[in-house]
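What the coordinates show
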Amino acid sequence: MKTFILADNQYITRSGIAAILVGEKLADAIITVSRLKELQEKLNEYPDAVVVLDYSLFDFSSQQQMLAVKAKARDSRWILFSGELSERFLRYVLLQDDTLSVVMKHDDGEEIMAALQNAVYDEIYICDHAEQALKDHVPPPGVPDVLTPSEKAILHEIALGKTTKEIAWEKHLSFHTVNSHRKNIFRKIEVNSIQEAIRYAICSGIIDMSDYYI
């Protein structure tokens, strides 16, 4: 059995998870936290706890901050348990940390139970929604090379999730220049979204999946 930390600011969810943990005798203790500072304090006290987190309702400033807190508590197990998580978010965090478990609030009881039980035995659980989010970003082979070296460099940074302002600052370019590059890139590779641009970048070798582990 494990200590479970419920980092979810939705009362009905906390109550439901607590009822399952008690009924199935999965937890030594159940602790509720409502703020990041409280979560960090409890992780210091219970370094091997299982964290059940609704990222969308918690006060993390970014997914990077969440991953940094988790990395510091290296013996803990985390279950992302939310009503809605975007494909982009899931792809990013799961490629960064392959020890995260994911289950959605609309999943059936068996899946939610499996995620909780797996965490007790230090095993991960990835629901169908999260698996599909990863599969949807596997691009087809054979994308032609239509970009200039400068455009490839800009696309590489875009695929890493950087904003136009961040790219401009790091490359000592004006915001207008980077924005123009971005528009030309999307026009040349015939895409309309960041997700499609990332597929192109991976397929054409501009970025490798391992780049997401930096």
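All values reported here derive from a predicted model rather than from experimental measurement.

Points about the packing of aromatic side chains
Under the criterion given, the structure shown has four aromatic pairs. A centroid spacing of 6.2 Å and a plane angle of 10° characterise the contact between Y55 and F60, whose relative ring orientation is stacked. Ring centres of F60 and W78 lie 6.5 Å apart, and the angle between their planes is 45°; this geometry places the pair in the tilted category. Taken together, the residues span a long stretch of sequence, with F60 in the loop between β3 (50-53) and α3 (63-72) and W78 in strand β4 (residues 77-82) at a distance of 18 residues. Looking at W78, the relative accessible area reads 1%, which means it is buried. Here a set of aromatic residues connected by ring pairs shows up, and it is made of Y55, F58, F60, W78 and F89. Lying over the aromatic face of F81, K105 brings its terminal NZ or CZ to 6.0 Å of the ring centre.

Some thoughts on the side chain of S76
Within the fold, S76 resides in the loop between α3 and β4. Look at S76 and you get buried, because its relative accessible area is 4%. In terms of polar contacts, S76 uses its side chain to reach the backbone carbonyl oxygen of A73, at 2.6 Å. At 2.8 Å, the side chain of S76 and the side chain of W78 are in polar contact. Leaving out residues up to four positions away in the same chain, S76 has contacts with L43, P47, D48, A49 and K70.

Digging into unusual backbone geometry
The phi dihedral of D122 is positive, around 60°, even though this residue is not glycine. Examined against the element boundaries, D122 turns out to sit in the loop between α5 (109-120) and α6 (128-135). Although it is not a glycine, H172 adopts a positive phi angle of roughly 60°. Here H172 shows up in the loop between α8 (164-171) and α9 (175-188). By relative accessible area, which is 73% here, H172 ends up exposed.

Things to note about the nonpolar core
In globular proteins that are soluble, nonpolar side chains generally tend to be buried together. L53, F60, M66 and W78 are the most contacted members of the largest nonpolar core, which totals 50 residues. The element best represented in this core is α5, accounting for seven residues. Residues I158, A159, I185 and I189 belong to the second largest nonpolar core, which totals 21 residues.

Let's talk about the pairing of strand β1 (residues 2-7)
Most of β1 sits inside the fold, with six of its six residues counted as buried. Across the two faces of β1 the burial is the same, with K2, F4 and L6 and T3, I5 and A7 all buried. Relative to strand β2 (residues 27-32), β1 runs parallel, the two being bridged by five bridges. Bridge pairing links L6 to T32 in β2.

Looking at the sheet that holds strand β5 (residues 101-104)
What the five strands build is an open sheet, ordered β2-β1-β3-β4-β5; its pairing is parallel. The sheet terminates laterally at β2 and β5, the two strands that pair on one side only. On average, adjacent strands in this sheet sit at an angle of 20° to one another, irrespective of strand direction. Where β4 lies against β5, four bridges are found, and the strand directions are parallel. Note that in β5 the partner of F81 across the bridge is V103. Running over the sheet, helix α2 (residues 36-45) touches β1, β2, β3 and β4 and is turned about 175° from β1. Its contacts with the sheet put α5 on β1, β3, β4 and β5, and the angle it makes with β4 is roughly 165°.

Focus on the environment of I12
Note that I12 resides in helix α1 (residues 11-23). Taking the C-alpha atoms as reference points, I12 and L95, 83 residues apart in sequence, are found 30 Å from one another.

Conventions and cut-offs
- Residues numbered from 1 in each chain as written.
- Predicted model: local features only at pLDDT ≥ 70, side-chain atom pairs only at ≥ 80, totals over all residues.
- Heavy atoms only, no water.
- Phe/Tyr/Trp six-rings, centres within 6.5 Å; stacked < 30°, edge-to-face > 60°.
- Helix = DSSP H or I, 4+ residues; strand = E, 2+ residues; numbered from the N terminus.
- Buried < 20%, exposed > 50% of the residue type's maximum accessible area, 1.4 Å probe, protein only.
- Lys NZ or Arg CZ within 6 Å of the ring centre and 35° of its normal.
- Polar contact = N/O pair within 3.5 Å; in protein donor to acceptor, adjacent residues only side chain to side chain.
- Contact = heavy atoms within 4.5 Å.
- Core = buried A, V, L, I, M, F, W, Y, C linked by side-chain atoms within 4.5 Å.
- Pairing = 2+ DSSP bridges.
- Axes fitted to C-alpha atoms, helices over the stretch in contact; angles between N-to-C directions.

This is a description of form; function is not addressed.
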